Amino acid sequence: MAQADHVHGAGGAHAGHRHGAEADVSSGGGKHGGNEDGDVAIDPVCGMRVNRESARHRFAHGGEEYFFCSARCRERFAAEPEKFLKPKQVEPVPPEGTIYTCPMHPEVRQVGAGSCPICGMALEPEQVSLEQGLTLPLFAIEMGRHFGVMHLLPPAWSNWISLALSTPVVLWAGAPFFVRGWNSLLTRNLNMFTLIAMGTAVAWLYSLVGTLAPQLFPPAFRDAHGAVAVYFEAAAVITTLVLFGQVLELRARQRTSGAIRSLLGLAPKTARRITPHGDEDVAIEDIAVGDLLRVRPGEKVPVDGLVTEGHSSVDESMVTGESMPVSKAEGSRVIGGTVNQHGGLVLRAEKVGRDTMLARIVDMVARAQRSRAPIQRLADRVAGWFVPAVIATALVAFAAWMTFGPEPRFTFGMVAAVTVLIIACPCALGLATPMSIMVGVGRGAGSGILIRDAQALEQFESIDTIVIDKTGTLTEGRPKLAKIVTAGGIDENELLRLAASVERGSEHPLALAILNAAKERALALSEVADFASPSGKGALGTVDGKRVVLGNARLMREANIATSLFDAAAEAARLGGATAIYVAIDGRAAGVIAVADPVKPSAKAATSALRAAGLRIVMLTGDNETTARSVASKLDIDEIEAGVLPERKSEVVQRLRSEGRRVAMVGDGVNDAPALAAADVGVAMGSGTDVAIESAGVTLLTGDLAGLVRARQLSLATMRNIRQNLAFAFLYNAAGVPIAAGVLYPVFGILLSPMIGAAAMALSSVSVIGNALRLARTRLE
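Here the structure is a predicted model, which means the values were calculated and not measured. (Residues numbered from 1 in each chain as written. Predicted model: local features only at pLDDT ≥ 70, side-chain atom pairs only at ≥ 80, totals over all residues. Heavy atoms only, no water.)

### Notes on the overall build of the protein chain
Turning to step 1, where the next piece is worked out: Within the protein chain one finds 27 helices and 28 strands.
Turning to step 2, where the next piece is worked out: Of all 781 residues assigned to the protein chain, the portion counted as buried reaches 55%.
Turning to step 3, where the next piece is worked out: Taking the contacts inside the protein chain whose residues are at least 6 apart along the sequence as the reference set, 66% of them involve residues at least 24 apart.
Turning to step 4, where the next piece is worked out: As displayed, the protein chain offers around 32900 Å² of accessible surface, 57% of which is attributable to carbon and sulfur atoms. (Helix = DSSP H or I, 4+ residues; strand = E, 2+ residues; numbered from the N terminus. Buried < 20%, exposed > 50% of the residue type's maximum accessible area, 1.4 Å probe, protein only. Contact = heavy atoms within 4.5 Å. Areas by Shrake-Rupley, 256 points an atom, 1.4 Å probe, with all protein chains shown as cover.)

### Regarding the environment of Lys 634
Turning to step 1, where the next piece is worked out: With respect to the secondary-structure elements, Lys 634 resides in helix α21 (residues 625-634).
Turning to step 2, where the next piece is worked out: For Lys 634 and Gly 577, which are 57 residues apart along the polypeptide, the C-alpha to C-alpha distance reads 9.3 Å.

### A short note on the nonpolar core
Turning to step 1, where the next piece is worked out: Membership of the largest hydrophobic core comes to 88 residues, with the highest contact counts inside it found for Ile 466, Val 698 and Leu 708.
Turning to step 2, where the next piece is worked out: The leading source of residues in this core is helix α25 (residues 706-741), at 13 residues.
Turning to step 3, where the next piece is worked out: Not counting residues within four places of it along the chain, the set of residues in contact with Ile 466 comprises Leu 610, Leu 615, Arg 616, Ile 617, Val 618, Ala 664, Val 666 and Leu 708.
Turning to step 4, where the next piece is worked out: Among the nonpolar cores identified, the runner-up in size contains 25 residues, and Ile 484, Leu 496, Val 548 and Ala 590 belong to it. (Core = buried A, V, L, I, M, F, W, Y, C linked by side-chain atoms within 4.5 Å.)

### A short note on the sheet that holds strand β22 (residues 578-585)
Turning to step 1, where the next piece is worked out: Strand order in the open sheet formed by six strands is β18-β23-β22-β21-β20-β19, with antiparallel pairing between adjacent strands. Pairing within the sheet leaves two strands with one partner each, and these edge strands are β18 (480-486) and β19 (528-532). The sheet shows a mean angle of 20 degrees between the axes of neighbouring strands, direction not considered.
Turning to step 2, where the next piece is worked out: Across three bridges, the pairing between β19 and strand β20 (residues 538-543) is antiparallel. Within the sheet, the bridge partner assigned to Ala 532 lies in β20 and is Leu 540.
Turning to step 3, where the next piece is worked out: The strands that helix α17 (residues 509-520) touches are β18, β21 (546-551), β22 and β23 (588-596); relative to β23, the one it contacts most, it runs at about 100 degrees. (Pairing = 2+ DSSP bridges. Axes fitted to C-alpha atoms, helices over the stretch in contact; angles between N-to-C directions.)

### Section: the packing of aromatic side chains
Turning to step 1, where the next piece is worked out: Inspection of every chain in the model, using the stated rule, returns eight aromatic pairs.
Turning to step 2, where the next piece is worked out: Look at Phe 59 and Phe 77: their rings are 5.8 Å apart centre to centre, the planes differ by 75 degrees, and that puts the pair in the edge-to-face class. Within this pair, whereas Phe 59 is found in strand β3 (residues 57-61), its partner Phe 77 is found in helix α1 (residues 71-79), the two being separated by 18 residues in sequence.
Turning to step 3, where the next piece is worked out: Taken together, a centroid distance of 5.1 Å and an interplanar angle of 40 degrees make the contact between Tyr 66 and Phe 77 tilted. One end of the pair, Tyr 66, is in strand β4 (residues 64-68); the other, Phe 77, is in helix α1, and 11 residues separate them in sequence. The same class applies to Tyr 66 and to Phe 77, which are both buried.
Turning to step 4, where the next piece is worked out: Three or more aromatic residues link up through ring pairs in this structure, and these residues are Phe 59, Tyr 66, Phe 68 and Phe 77. (Phe/Tyr/Trp six-rings, centres within 6.5 Å; stacked < 30°, edge-to-face > 60°.)

### Topic: the packing of helix α20 (residues 603-612) against α25
Turning to step 1, where the next piece is worked out: It is the contact of α20 with α25, at a shortest axis distance of 8 Å, that shows an interaxial angle of 30 degrees. Considering the angle they form, α20 stands roughly parallel to α25. In contact with Ala 606, Ala 609 and Leu 610 of α20, α25 contributes Ala 706, Leu 708 and Val 709.
Turning to step 2, where the next piece is worked out: Here the residues of the contact of α20 with α25 are counted per class, giving six nonpolar, no polar and no charged. (Parallel < 35°, antiparallel > 145°, perpendicular 65-115°, else oblique. Nonpolar A, V, L, I, M, F, W, Y, C, P; charged D, E, K, R; others polar.)

### Here we look at the sheet that holds strand β16 (residues 449-451)
Turning to step 1, where the next piece is worked out: Read from one edge to the other, the open sheet built from seven strands follows the order β16-β28-β27-β26-β17-β24-β25, with strand pairing classed as mixed. Both edges of this open sheet fall to β16 and β25 (639-641), since each of them pairs with a single strand only. When the angles between neighbouring strand axes are averaged without regard to direction, this sheet yields 20 degrees.
Turning to step 2, where the next piece is worked out: Here helix α22 (residues 649-658) sits on the sheet and contacts β17 (465-469), β24 (616-620), β25 and β26 (663-667); the angle it forms with β26, its principal contact strand, is near 160 degrees.
Turning to step 3, where the next piece is worked out: Against the sheet, α25 touches β16, β17, β26, β27 (681-685) and β28 (698-700), its axis set at about 140 degrees to β28.

### Let's talk about the environment of Asp 469
Turning to step 1, where the next piece is worked out: Along the chain, Asp 469 turns up in strand β17.
Turning to step 2, where the next piece is worked out: Along the backbone, Asp 469 and Met 619 are 150 residues apart, and their C-alpha atoms lie at a distance of 5.9 Å.
Turning to step 3, where the next piece is worked out: Within the structure, the side chain of Asp 469 is placed 2.9 Å from the side chain of Lys 649, a separation counted as a polar contact. (Polar contact = N/O pair within 3.5 Å; in protein donor to acceptor, adjacent residues only side chain to side chain.)

### Concerning the packing of helix α14 (residues 454-461) against α25
Turning to step 1, where the next piece is worked out: Contact pair α14 / α25: the axes reach a minimum separation of 8 Å and the direction vectors enclose 95 degrees. By the angle between their axes, α14 is roughly perpendicular relative to α25. For the pair α14 and α25, contact is made by Leu 457, Glu 458, Phe 460 and Glu 461 and by Leu 708, Ala 711, Arg 712, Leu 714, Ser 715, Leu 716, Thr 718, Met 719 and Arg 723, respectively.
Turning to step 2, where the next piece is worked out: Per-class residue counts for the contact of α14 with α25 are seven nonpolar, two polar and four charged.

### Observations concerning a nonpolar patch on the surface
Turning to step 1, where the next piece is worked out: A surface patch of nonpolar side chains, about 360 Å² in accessible area, is lined by Trp 182, Leu 185 and Leu 186.
Turning to step 2, where the next piece is worked out: Turning to its location among the elements, Trp 182 is positioned in helix α5 (residues 175-187).
Turning to step 3, where the next piece is worked out: Overall, the relative accessible area of 53% leaves Trp 182 in the exposed class. (Patch = residues over 30% accessible without salt bridge, like charges linked within 9 Å, V, L, I, M, F, W, Y side chains within 5 Å. Salt bridge = Lys/Arg side-chain N within 4 Å of Asp/Glu carboxyl O.)

### Remarks on the side chain of Asp 680
Turning to step 1, where the next piece is worked out: If you trace the backbone, Asp 680 turns up in the loop between α23 (673-678) and β27.
Turning to step 2, where the next piece is worked out: A distance of 3.1 Å separates the side chain of Asp 680 from the side chain of Arg 657, its partner in a polar contact.
Turning to step 3, where the next piece is worked out: In terms of polar contacts, Asp 680 uses its side chain to reach the backbone amide nitrogen of Val 663, at 2.8 Å.
Turning to step 4, where the next piece is worked out: Aside from chain neighbours lying at most four places away, what touches Asp 680 is Arg 72, Gln 459, Ile 463, Arg 657, Arg 661, Arg 662 and Val 663.

### Topic: unusual backbone geometry
Turning to step 1, where the next piece is worked out: Look at Asp 544: it is not a glycine, yet its phi comes out positive at around 55 degrees.
Turning to step 2, where the next piece is worked out: Here Asp 544 is to be found in the loop between β20 and β21.
Turning to step 3, where the next piece is worked out: For Asp 586, which is not glycine, the phi dihedral falls at a positive 50 degrees.
Turning to step 4, where the next piece is worked out: Looking at the element boundaries, Asp 586 is found in the loop between β22 and β23.
Turning to step 5, where the next piece is worked out: Residue classification places Asp 586 among the partly exposed positions, given a relative accessible area of 47%.

What follows is the structure, encoded as structure tokens:
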């Protein structure tokens, strides 16, 4: 990510100096973002600052013109302008406590309990009475007929008893099915409850007429006592089994949200605040930014903060997935919800409430679980004609039995038609994708992998090229001073002092390396005047009356400063994997500062695993090609893009995509945001900036590239699970509906009972959810 021999380059964990840098970022959005100045506008998609005059990507909306850093950002804005223009607002919490949504149709959201107007599914678990006390006698009466027990009762009596017992079950306990079925007709969104309502209504109404007015039926429909065969027990048992299936399904769906509940359980309820009068225990809601908090051994860190006193190890595994405890001392940052292990800590609260990392993770996971994967479109298309096709099949089955079936034809035809209506399950088809997404996203959160939306999880599977930024991604992002070479007569410490004085206030990794080295040597820094920071080149300013320029060779050439005296030293530093920074004083080259950024310990194993999986790996960096080659050789990376200025990062990604490659971009810096947005899948390191995280589809909380391998494994496992669910749902309906219609009867004499169809329908959805829950046990190595 670092530029060739520069101090203020293409990324790092922070943008460094902001003076004159087009790649700076503001939190504003749109044309009139609050942080604009002069001819600079804010890209409303990724937050990058864009020069209005030179911007190539523009879009007019609502009478205003908006400017974009890349074509990708413009495309995203043009598709949904209001999504990026509306200010982010905190949704009010309704009195009931939650906004309810449908797992199959996340666009359906309402306050309070209810059912989905599209598919009819419950938006929350509902307390349902199975009415077993009524249904079991009905079932016993029907079975008694088959075993010859019911001859003890007059045949007409059993019909009246069945009517009395079935009516409360069908019309009261099953009332929600009729309501949802009727609503589906009104809204023209035919669904599972359309079929259930039709099936149970036909069976119950036929039986009702047969009981109240048996004389209306032809003699062939009546027995020797004049009684008509009725199906009260079928209607009641169908209702009971469907209700039972709903309960099983709701319980299974609750388990898919286990990841969020686990995350919410991490947040402590109280904190120990330090006051002038001593320590006091307060509710977590009462903590304000700036409060000093004491965390004793074994306690949870209450909020995100900065350690001001103490030394300890903190277990962050529940948030980041990193199993090893992390050492914390003065100046370290801690995450709310993690566990302090052995030492006492005092921290200053920096983020509280919804701003904490844990709260953001919970919000991101919840939003991702509600999002829709592109593969869901297949199920949506099928669902559009599924119910009408089932109704048509039921009518054809009835007609076929009436025409070709044995006596009693009407009875056989009605049983077949009702069974077809009951056994068909569009619900299993609709749940196949969202259930897997919910569990997969939750599984990732437990391993330090945050998925922003289902589309990113799906697309990650098809990625064939991974572009990885160098500084802060492949390397630690915390470079250290390696060597200083000076001209004769120039003191090494003085050169370092002048360079550090120019860099003071910067947070760029290379600048921090110079500042830290000066601090270690106890050098007294001076104020800088006339400061400037050409983007991707370096910095310059006046210190103690001396004009100091430091940066890459390009900056030196533009300043007409000859560097030949130090070119050999700079090249030697690059061959060793370090970044060479030229320093000039009053127009003459004075020395070279070599800064080295060590490669992350997990980087080589991760790149090897990705390459073994058949992925093409491209290292993207602003460094000189020699330095880039040196780092790449340590990681066995053959393809590099060196000397890339901040604004060109997204161009590299777009070029690869134009070649037909499916590209994932991995980075952590502010200047990576456009490239992350331009890629098919953007992967941000959790140790990076908020803007990078917001621009990425996947975030690795640990900042460890091993998480990249696990993220791809998660994508593969989730998509495999979705295909299994879809295959099961398609196969179930493809086989179940014809069997229910009676295709096996001519050969095997098999005709399914409506009750068996109801049981099969109820279990189909539960089976799909059960298969999705297997993802929670997926090993990510």
